[in-house]
Amino acid sequence: DVKVTQSSRYLVKRTGEKVFLECVQDMDHENMFWYRQDPGLGLRLIYFSYDVKMKEKGDIPEGYSVSREKKERFSLILESASTNQTSMYLCASSFDQAFFGQGTRLTVV
Amino acid sequence: AQSVTQLGSHVSVSEGALVLLRCNYSSSVPPYLFWYVQYPNQGLQLLLKYTTGATLVKGINGFEAEFKKSETSFHLTKPSAHMSDAAEYFCAVSENSGYALNFGKGTSLLVTP
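Each value, and the rule that gives it
Residues numbered from 1 in each chain as written. Chains lettered and ligands numbered in written order. Predicted model: local features only at pLDDT ≥ 70, side-chain atom pairs only at ≥ 80, totals over all residues. Heavy atoms only, no water. Helix = DSSP H or I, 4+ residues; strand = E, 2+ residues; numbered from the N terminus. Buried < 20%, exposed > 50% of the residue type's maximum accessible area, 1.4 Å probe, protein only. Contact = heavy atoms within 4.5 Å. Areas by Shrake-Rupley, 256 points an atom, 1.4 Å probe, with all protein chains shown as cover. Lys, Arg positive; Asp, Glu negative; His and termini not counted. Charge placed at Lys NZ, Arg CZ, Asp CG, Glu CD. Disulfide = S-S within 2.5 Å.

J.: Whenever I open this one, the overall build of chain A confuses me. Can you help?
T.: From N to C terminus, chain A includes zero helices and 12 strands. Going from N to C terminus, chain A has its helices and strands arranged as β-β-β-β-β-β-β-β-β-β-β-β. Reported as C-alpha extents along the three principal axes, the dimensions of chain A are approximately 35 × 25 × 25 Å. Counting over 109 residues, chain A shows a buried share of 50%. Counting contacts in chain A only where the partners sit at least 6 residues apart, residues at least 24 apart contribute 53% of the total. Summing over all exposed atoms, chain A offers an accessible surface of approximately 5500 Å²; the carbon and sulfur share of this is 49%. Charge centroids of chain A, computed over 15 positive and 15 negative side chains, lie 6 Å from each other.

J.: Would you explain the state of the cysteines in this entry?
T.: The term disulfide refers to a covalent linkage connecting the sulfur atoms of a pair of cysteines. One pass over the structure, following the stated rule, counts two disulfides over all chains. One disulfide in the model links C23 of chain A with C91 of chain A; its S-S distance is 1.9 Å. The disulfide joining C23 of chain A to C91 of chain A has a torsion of about -75° about its S-S bond and is therefore left-handed. A residue pair is termed long-range when its members are at least 10 positions apart, and C23 of chain A in strand β4 (residues 23-25) and C91 of chain A in strand β10 (residues 87-94) qualify at 68 residues. Like C23 of chain A, the residue C91 of chain A is buried in the burial classification. The disulfide that involves C23 of chain B links it to C91 of chain B, with 2.0 Å between the sulfurs. Note on the C23 of chain B and C91 of chain B pair: the S-S dihedral is about -65°, so by sign convention the disulfide is left-handed. Separated by 68 residues along the polypeptide, C23 of chain B in strand β3 (residues 19-26) and C91 of chain B in strand β9 (residues 87-94) bring together distant segments of the chain. Across this residue pair, the class does not change: C23 of chain B and C91 of chain B are buried.

Structure, rendered in structure tokens:
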């Protein structure tokens, strides 16, 4: 069974903290993505990577960065967490279709 | 640039009734189209996808969608709703298989007894 695993289901962090969201896939996919989901806004693309050497900004990259040191792992980094980054974060990997993790619900207080 | 518009943020149907969720897309290249479903507190699961070929696409759980280029639409249907179909549904478009998805804002489906 294919799997995209996000390290945490729920996180609570303080304003100004550096936050790491981890994502691991076991399908040997080249392509990996981070999306943010907010009510009424759907899913919006933060960053993506089509190769372990490549990282590209999506539609809403401000305040975020990513790391992809290994093919199977794609990490999202909130450099200095703010309350407007409270959201559901979804990781996905793909070859011909995207498989999603269970999501991390992050609350910044 | 690609985008998706889902008409109706909330749709309510009776159990056994037809389900119709509307999706219109905008794309400057031949689109790859997807429908995903999300149950509460879970990630997204692929229902069906259109890449090339047959315009009527059948998916899981009895859902199907038809790609209509002239109408730039990819509406999702199911002949008879079940209570278990209650969920959030997302239409998405990409410029190629496996590439980044542009999602609509989602439609919440409520199924009443």
